[in-house]
Amino acid sequence: MAVTVYSAQVVGLEARPISVEVDISPGLHLFSIVGLADKEVQESRQRIAAAIKNLGGLAPHKKSQRVIVNLAPADIKKEGPAFDLPIALGFLLCSGQISFSPHKKLFLGELGLDGGLRRVSGVLAMALAAKAAGFDEIILPEGNGAEAAVIDGIAVREIKTLSEACEYLSGRKEIAALARPSLDMSAKDHPVDFKHIRGQASAKRALEIAAAGGHHLLMEGPPGVGKTILASALPSILPPLGREEIFEVTKIYSVAGLLANGQPLITTRPFRSPHHTASYPAVLGGGIYPRPGEITLAHHGVLFLDEFPEFDRRVIESLRQPLEERIVTVARTSGVATFPAQFMLIAAQNPCPCGNFGSPVRDCTCSPGEITRYKKKVSGPIIDRIDLYVETPPVEYAKLEGDTDEESSSAIRERVLRARARQEERFGKIFTNSQMQLAQLKAFIRLGEDVKRTLKLAHSQYRLSARSYHRLLKVARTIADLEGSAEIKSDHVAEALQYRQKTEL
């Protein structure tokens, strides 16, 4: 008679419960796993056989019998080692070596040859799916439990070995359910504070505007002027993650297998800084079974692309959809996955390949053709999607040796929080000015006659595209929010114009 135990499979960023059906019948030796299982799942047969043997049980290959394992539904591709534990328990239950009720229990875990259990990825997503499907209990390896225990309403039990799982399920050992970990949403100290960065007042102001409205920013300047450290200081002025945002970000990192041991939740905004040699799938996401890339790992946080023009052109151009729609769609033969990509893009670049073009103290060694080709690596449509452009000149010696500290991150963050609060009050939910669509622009932005004259002059003089015009309005609205003004004024528009790309003007 066939038996059924339950597990789960991550598809994209969501999980689906999987029925692990095991049937044993007389016949020549056979141990087969069906149900669209990939190589990792097929290899579990050897791991399971060795683990059961070392447990002291009768392994599938020790007796002439046909063992068929079906992973249902069969139209979902199964991958990863998380099915080891449920398949082993299903075989032991079906062969009569243990007795327990699998009703409303979900099992996850990779088996070692000695029967030990190893951690698996995507536990938070699978725990959410288990709760939604009505499961009461989830049994998984030691080290994964805290991640699943953040979900209320389901008992989470950690086990170290297959033997311990059998003892618990047979009633010979008590294993207490894990307590739900507390959600620490207090502000965290950041390693880089704006008060330690000398000079670059214009860049700091642009970063404050970007943080307040969720805008994208491009910094341009010679090497060593502080572009990287300015970007690294940005998280110190961003608002803390909200409760829903914490679960969204944690689920992404759980699926990607990037949660540190003992870190059940990610409570700080992500800051991702991939190297400029990163491949297209690494940045956008991909793989045989689509997995999130850097832009999804930066969800609700910051994606910093240093040496922006040095990234592969395919990578740069692929940012068009995420920057506009805040999602990324990855299509593979195994399926199509849509990942969230609501991030702030902070890009940095040199003015030319050698970095000294326009420098008053160093000579540029680049030819005009080299400079032109370097500039063209970032196309006009990408520049058009970036809200703020700022130059970062070399810092004078007097500022570097000054005794007075600059304005601290905490002071800047207070203004950012007040501006975000005005946006939340305006939109009725967690929503930034950069996310406004045309309907919100018409509903929430009212312009006086003097502002309209300023915008008309700017539009004709600077030949702004429709997208640039709308992004200019969004930045001006953020500047007004930082000032505490209910209306957009001409000086707000004038400051926003200062942050448009020079080549665009």
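The notes below deal with the structure included here. (Residues numbered from 1 in each chain as written. Predicted model: local features only at pLDDT ≥ 70, side-chain atom pairs only at ≥ 80, totals over all residues. Heavy atoms only, no water.)

Observations concerning the packing of helix 19 (residues 449-462) against helix 21 (residues 490-498)
Two elements in contact, helix 19 and helix 21, have axes separated by 9 Å at closest approach and are oriented at 20 degrees. Here helix 21 runs roughly parallel to helix 19, going by the angle between their axes. Every pair of crossing elements has a handedness; the one defined by helix 19 and helix 21 is right-handed. Along its contact with helix 19, which presents D450, V451, T454, L455, A458 and Y462, the element helix 21 presents S490, V493 and L497. (Axes fitted to C-alpha atoms, helices over the stretch in contact; angles between N-to-C directions. Helix = DSSP H or I, 4+ residues; strand = E, 2+ residues; numbered from the N terminus. Parallel < 35°, antiparallel > 145°, perpendicular 65-115°, else oblique. Left-handed = near helix turned anticlockwise from the far one by under 90°. Contact = heavy atoms within 4.5 Å.)

What about the pattern of salt bridges?
If you walk through the whole model with that rule in mind, you get 23 salt bridges. Of the charged contacts, one joins E79 and R291 as a salt bridge, the two residues approaching to 2.3 Å between their closest N and O atoms. Separated by 212 residues along the polypeptide, E79 in the loop between strand 4 (65-72) and helix 3 (84-94) and R291 in strand 13 (residues 291-292) bring together distant segments of the chain. For R291, a relative accessible area of 25% translates into the label partly exposed. One salt bridge connects R415 with E407, and the closest N-O pair in it is separated by 2.6 Å. Residue class for R415 comes out partly exposed when judged on its relative accessible area of 22%. Connected via shared salt-bridge partners are E324, D384, R385, D387, R467 and R471. (Salt bridge = Lys/Arg side-chain N within 4 Å of Asp/Glu carboxyl O. Buried < 20%, exposed > 50% of the residue type's maximum accessible area, 1.4 Å probe, protein only.)

Side note on the packing of helix 2 (residues 44-55) against helix 3
In contact at an axis separation of 10 Å, helix 2 and helix 3 are set at 55 degrees when each is read in the N-to-C sense. Here helix 2 lies oblique to helix 3, going by the angle between them. Every pair of crossing elements has a handedness; the one defined by helix 2 and helix 3 is right-handed. Here helix 2 contributes S44, R47, I48, I52 and L55 to the contact with helix 3, which in turn contributes D84, I87, A88, F91 and L92.

Here we look at the sheet that holds strand 14 (residues 302-305)
Sheet strands line up and pair through hydrogen bonds in the backbone, either parallel or antiparallel. Overall, parallel pairing links the five strands, which are arranged 11-14-17-10-18 in an open sheet. Each edge of the sheet is formed by a strand with only one pairing partner; in this case those strands are strand 11 (271-272) and strand 18 (388-391). Of the pairings in the sheet, the one linking strand 11 to strand 14 comprises two bridges and is parallel in character. When the sheet's bridge partners are listed, R272 is paired in strand 14 with L303. (Pairing = 2+ DSSP bridges.)

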